[in-house]
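What follows is the residue order along each chain.
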Amino acid sequence: MATGFLAKAASAVTLPVAPLYGAFLSYMIYHPPRRPHHKKPADLGLTSTDVNVPLNGQQGRGLHVWLIPGDTERVVVLGHGLGLSKSASLAQARLLSEAGYTVAMFDHRNHGKSVADRAGWGMSDRHTDDVVAVVRHMRSMDEYATARIAIYGFSISTFPSFYMLKREDCPVDAVIFDSGPALELAPLFRNFVAAGGVPIPGPLGAGPSRAVVETVASSAAVAMLRVQWPPPLGGAYERTPMLFLAGDLDTMIPASGVRALAERYPLAEVHTLPDTEHLQGIKTQPEMYAETVLGFLERTLKD
């Protein structure tokens, strides 16, 4: 009882600084400590080439890409979850490569080996620019100039993968989303913070201080996006096939939120994976996952 009282007292003392720390966490969400690639394509028997994709026409370090060659007429561009790197998507890359697709795996800015970007505003456009840059780079290569291209996003980074459909000057043929996106933005950031996606030290991690930290961090993270969400129906949102994969045990981005978003768009299909938590579908339901993804791509990227 004494320990509980002391914890509450410490939380009350730190309450005045909780909003400041929450604001700091909102910045940290988009600028996390970099995780090294824990695996490379060669570790899974895949042959790849390292490619640098410039951003905004600038020379020098841009987005780091692993290009895994396959069918030059069918390309899949893979992202990764927030705070991770492209190595987290290697299982999906192997699935696609074994099915014959060319795979382009990239690190978002501030992740993996890609460029650092200290900006704290307009984050939706910045991360959407990452996806667009990789697609445009693939189309600039002679061997892939006429390829049909699909985008494959994961977790919170499914949002820029979805939002890039607003870029009418960079069309794609299909999109796949694993564990996101959802209709509402603020809950997913609250869930991300609550699940330990960013660190909350000592007394700030309990009682009223934690509640303030989570509220401020999630609200500020949404504001930093500067985004119109959900995107209105029209244009590519009416004509692009979409596949949403949602885990029925996902507490980060619940399946209900994914379905609420998907039902707004005419060519969207949602597959709920049983007994599956966030981003775990390829592990918990490997056969269902593979059949669903490859079946969708066969329908949408065929001639």
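In short, a report on the structure. (Residues numbered from 1 in each chain as written. Predicted model: local features only at pLDDT ≥ 70, side-chain atom pairs only at ≥ 80, totals over all residues. Heavy atoms only, no water.)

With respect to the pattern of salt bridges
All told, the structure shown has 14 salt bridges when counted by the stated rule. Asp-117 is the partner of Arg-126 in a salt bridge, and the nearest nitrogen-oxygen pair spans 2.8 Å. Using a relative accessible area of 29% as the deciding quantity, one classes Arg-126 as partly exposed. Overlapping salt bridges bring together Arg-109, Asp-117, Arg-126 and Asp-130 as one network. (Salt bridge = Lys/Arg side-chain N within 4 Å of Asp/Glu carboxyl O. Buried < 20%, exposed > 50% of the residue type's maximum accessible area, 1.4 Å probe, protein only.)

Some details on helix 3 (residues 90-98)
A turn of α-helix holds 3.6 residues, and therefore any two residues three or four places apart point the same way. Burial in helix 3 covers these residues: Leu-90, Gln-92, Ala-93, Leu-95, Leu-96 and Ser-97. Gly-100 lies just past helix 3 and shows a positive phi near 105°. (Helix = DSSP H or I, 4+ residues; strand = E, 2+ residues; numbered from the N terminus.)

Some thoughts on the packing of aromatic side chains
Ring pairs (aromatic) are described by centroid distance and by the angle formed between their planes. Applying the stated rule across the entire model yields 12 aromatic pairs. Measuring from ring centre to ring centre gives 4.8 Å for Phe-177 and Phe-244, while their planes differ by 40°; the resulting arrangement is tilted. Of the two residues, Phe-177 sits in strand 6 (residues 174-178) while Phe-244 sits in strand 7 (residues 242-247), which places them 67 residues apart along the sequence. Classification of Phe-177 as buried rests on a relative accessible area of 0%. When its relative accessible area of 0% is taken as the criterion, Phe-244 is described as buried. The structure contains a cluster of three or more aromatic residues connected by ring pairs, namely Phe-159, Phe-162, Tyr-163, Phe-177, Trp-229, Tyr-237, Phe-244 and Tyr-265. The residue whose ring lies beneath Arg-74 is Tyr-101, and the NZ or CZ to ring-centre distance is 4.1 Å. Geometry around Trp-66 places Lys-86 over its ring, the cationic atom sitting 4.5 Å from the centre. (Phe/Tyr/Trp six-rings, centres within 6.5 Å; stacked < 30°, edge-to-face > 60°. Lys NZ or Arg CZ within 6 Å of the ring centre and 35° of its normal.)

What about the layout of surface pockets?
In this structure, the largest pocket occupies an estimated 840 Å³ of space. Taken together, 37 residues make up the lining of the largest pocket; nearest its centre are Arg-35, Gly-81, Leu-84, Ala-88 and Leu-279. Where the lining of the largest pocket is concerned, the elements lending two or more residues are helix 2 (18-30), helix 3, helix 6 (186-194) and helix 10 (281-284). The biggest single contributor to the lining of the largest pocket is helix 3, with four residues. Its residues assigned to classes, the lining of the largest pocket comprises 19 nonpolar, 14 polar and four charged. (1 Å grid on protein atoms, 1.4 Å probe; cavity = no way out; pocket = protein on both sides within 12 Å on 5 of 7 lines; lining within 4 Å. Points joined across faces, edges and corners; volume = space filled by probe spheres on them. Nonpolar A, V, L, I, M, F, W, Y, C, P; charged D, E, K, R; others polar.)

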